[in-house]
Amino acid sequence: MLGASSGEKVYHGILTELNRIVEEDNLRPGDKLPSERELSERLKVGRSSVREALRALELLGLITTRRGEGTFIQNYRHNKLFDLLGYYLLRDRKSSKDLLEMRVILELDAVALACDRATEKHFLQMESTMIRAAEKIEQGILPIEEDFEFHHTIARASKNSVMHRIWTPLVEYSKTLRESSSQHGGSLDLLTGDHSRIMEAVRNKDKVEAVRLMREHLEKTIL
């Protein structure tokens, strides 16, 4: 029971348990959280403690409360912590370079793990993303969002929650760097071709090939 500990431990415990509930209930941005009463019952703590924890999460931009509707998970892109992180990371060229290098490290580790852990659901998501990217390319539109979603699916397929949580803001801000420059490495056709080859290597559980292809892809597109 969380309430048996000190106030600070109760508060931290509630945040930890809220995260567990989000994962157990498979909640996504836009989904509604259980009510304060339900959370209080599930966590066996007072409603005032739950309310305090929710208020902290709302201040950080992780959740949003709509009067008369309830509390909803906020999209990570509205997270004020990410905005603050991005401001400091993007202030100088050295930090920007370090950011891109760190993205490469995470991407290579993620694709290696995905070779063992990706499911058919992930492959369907990758294929859908590549179809949308191809449609945009035909219209002469740069498929930046689809490129991001393809790599995001790889990160989710790693099934490493810590890696995924680090990956999300990191890649979001490296995407911001890419969008703010006029240099988008490689041709648009190469972009979709690279994604297709990476997906097949992951499907074949070929870690060496998947990592090699991902490294080459990133060298062409972000470095």
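Q: Which residues make up the environment of alanine 134, and what are the values?
A: As for its position among the elements, alanine 134 is in helix α6 (residues 120–138). Look at alanine 134 and you get partly exposed, because its relative accessible area is 32%. A sequence separation of 58 residues divides alanine 134 from threonine 192, and the C-alpha atoms of the two residues are 7.1 Å apart.

Q: Could you give me a rundown of the packing of helix α7 (residues 144–157) against helix α10 (residues 207–221), with the residues and numbers involved?
A: Contact pair α7 / α10: the axes reach a minimum separation of 14 Å and the direction vectors enclose 150°. The orientation of α7 relative to α10 falls into the category roughly antiparallel. Two packed elements cross with a definite hand, and for α7 against α10 that hand is left-handed. Contact with α7, carried on its side by Asp147, His151 and Ile154, involves Met214, His217 and Leu218 of α10 and no other residues of that element. Split into classes, the residues belonging to the contact of α7 with α10 amount to 3 nonpolar, 2 polar and 1 charged.

Q: Help me get a handle on the pairing of strand β2 (residues 70–73), residues and values and all.
A: When strand β1 (residues 63–66) meets β2, the two strands line up antiparallel, connected through 4 bridges. Each bridged residue has a counterpart across the sheet, and for threonine 64 the counterpart in β2 is phenylalanine 72. The hairpin turn running from β1 into β2, its antiparallel successor, is 3 residues long, and glycine 68 in that turn takes a positive phi close to 80°.

Definitions and limits used
Residues numbered from 1 in each chain as written. Predicted model: local features only at pLDDT ≥ 70, side-chain atom pairs only at ≥ 80, totals over all residues. Heavy atoms only, no water. Helix = DSSP H or I, 4+ residues; strand = E, 2+ residues; numbered from the N terminus. Buried < 20%, exposed > 50% of the residue type's maximum accessible area, 1.4 Å probe, protein only. Axes fitted to C-alpha atoms, helices over the stretch in contact; angles between N-to-C directions. Parallel < 35°, antiparallel > 145°, perpendicular 65-115°, else oblique. Left-handed = near helix turned anticlockwise from the far one by under 90°. Contact = heavy atoms within 4.5 Å. Nonpolar A, V, L, I, M, F, W, Y, C, P; charged D, E, K, R; others polar. Pairing = 2+ DSSP bridges.

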